[in-house]
Amino acid sequence: MSRKKKSIAALRAAIAEHEKLNSSAPTSAVQQLVEAFLSTNNPAKRAKKINEIKSRLEGVSEMLTENSELLAAEVEQALIRAATGYTVTEHKTKIVNGVKTVETAEKHIPPSNAAMEFYLINKKSDEYSRTGGVSGDGGGKLDEILEAIKNG
């Protein structure tokens, strides 16, 4: 099996496992990892959060190590979603007196200032910086996120 096929299979397995274990989870594995990265500046706490997510979701670690191009695209999409906010649909299954019912609820995740900052500094570094002046080449912020997600 080729590397690409293995990566796709690992991604499918991770998604299926995630959906099976967390049917009401509001975000994808990569989205959770990006948000864990953005939620703290403390490297030790950040690594702990990332490792907790990776340990809960079978197949994610394999996908992260085997397909860096897919990971980079997924991280960028997760940053955009986090920066602009998004809506998720949660499904909760209940069994009462032998009758199965599924409740559906929409949940709005508000925009994240940290995600906006990371995305703009990385993609529009000639126009945006943390200090308000013009920055250099973006400082490799996307690379920083990718590295933290891969290595915890």
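For the structure itself, consult the block above.
The structure presented is a predicted model; accordingly, all values stated were derived computationally and were not measured. (Residues numbered from 1 in each chain as written. Predicted model: local features only at pLDDT ≥ 70, side-chain atom pairs only at ≥ 80, totals over all residues. Heavy atoms only, no water.)

Trainee: Would you mind going over the side chain of Thr40 in detail, with residue names and values included?
Mentor: Here Thr40 lies in the loop between α2 (29-38) and α3 (43-56). On the basis of relative accessible area, Thr40 is assigned to the buried category, the value being 12%. (Helix = DSSP H or I, 4+ residues; strand = E, 2+ residues; numbered from the N terminus. Buried < 20%, exposed > 50% of the residue type's maximum accessible area, 1.4 Å probe, protein only.)

Trainee: I'd like a rundown of α3, residues and numbers included.
Mentor: For α3, spanning 14 residues, the distance from its first C-alpha to its last is 20 Å, which sits close to the expected 20 Å at 1.5 Å a residue. All of the buried residues in α3 are Arg46, Ala47, Ile50, Ile53 and Lys54. Projection of α3 onto a plane perpendicular to its axis shows the buried side chains occupying an angular sector of 130°, all on one side. Facing away from the buried side of α3, by more than 90 degrees, are the exposed residues Ala44, Lys45, Lys48 and Ser55. With a side-chain oxygen positioned 2.9 Å from the backbone nitrogen of Ala44, the residue opening α3 is Asn42. (Expected span 1.5 Å × (residues − 1). Arc of directions from axis to C-beta. Polar contact = N/O pair within 3.5 Å; in protein donor to acceptor, adjacent residues only side chain to side chain.)

Trainee: So what's going on with the packing of aromatic side chains? Residues and values would help.
Mentor: Taken as a whole and assessed by the stated rule, the structure comprises one aromatic pair. Aromatic side chains Phe37 and Phe118 sit 5.5 Å apart centroid to centroid with 75° between the ring planes, which places their arrangement in the edge-to-face category. Separated by 81 residues along the polypeptide, Phe37 in helix α2 and Phe118 in helix α6 (residues 113-123) bring together distant segments of the chain. Seen from the ring of Phe37, Arg46 lies directly overhead, with NZ or CZ sitting 3.9 Å from the centre. Across the ring face of Tyr86, the terminal group of Arg81 is positioned such that the distance to the ring centre comes to 3.9 Å. (Phe/Tyr/Trp six-rings, centres within 6.5 Å; stacked < 30°, edge-to-face > 60°. Lys NZ or Arg CZ within 6 Å of the ring centre and 35° of its normal.)

Trainee: Pulling in residues and values, what's your account of the pairing of strand β2 (residues 99-109)?
Mentor: Looking at chain direction, strand β1 (residues 86-96) and β2 are connected through 11 bridges and run antiparallel. Counterpart to Thr87 in the pairing with β2 is His108. Between β1 and β2, which follow one another and run antiparallel, lie two residues, and Asn97 among them has a positive phi close to 55°. (Pairing = 2+ DSSP bridges.)

Trainee: Which residues make up the environment of Thr93, and what values go with them?
Mentor: In this structure, Thr93 sits in strand β1. For the pair Thr93 and Thr104, spaced 11 residues apart in the sequence, the C-alpha separation amounts to 8.9 Å. If near-sequence neighbours (up to four positions away) are discounted, Thr93 is found in contact with Lys100, Thr101 and Val102. (Contact = heavy atoms within 4.5 Å.)

Trainee: Provide a residue-level description of the nonpolar core, including the pertinent values.
Mentor: Core analysis: the biggest nonpolar cluster contains 27 residues, and Val34, Val75, Leu79, Ile145 and Ile149 have the highest contact counts within it. Only α1 (3-21), α2, α3, α4 (60-66), α5 (68-84), α6 and α7 (141-151) provide two or more residues apiece to this core. The element that contributes the greatest number of residues to this core is α2, accounting for seven residues. (Core = buried A, V, L, I, M, F, W, Y, C linked by side-chain atoms within 4.5 Å.)

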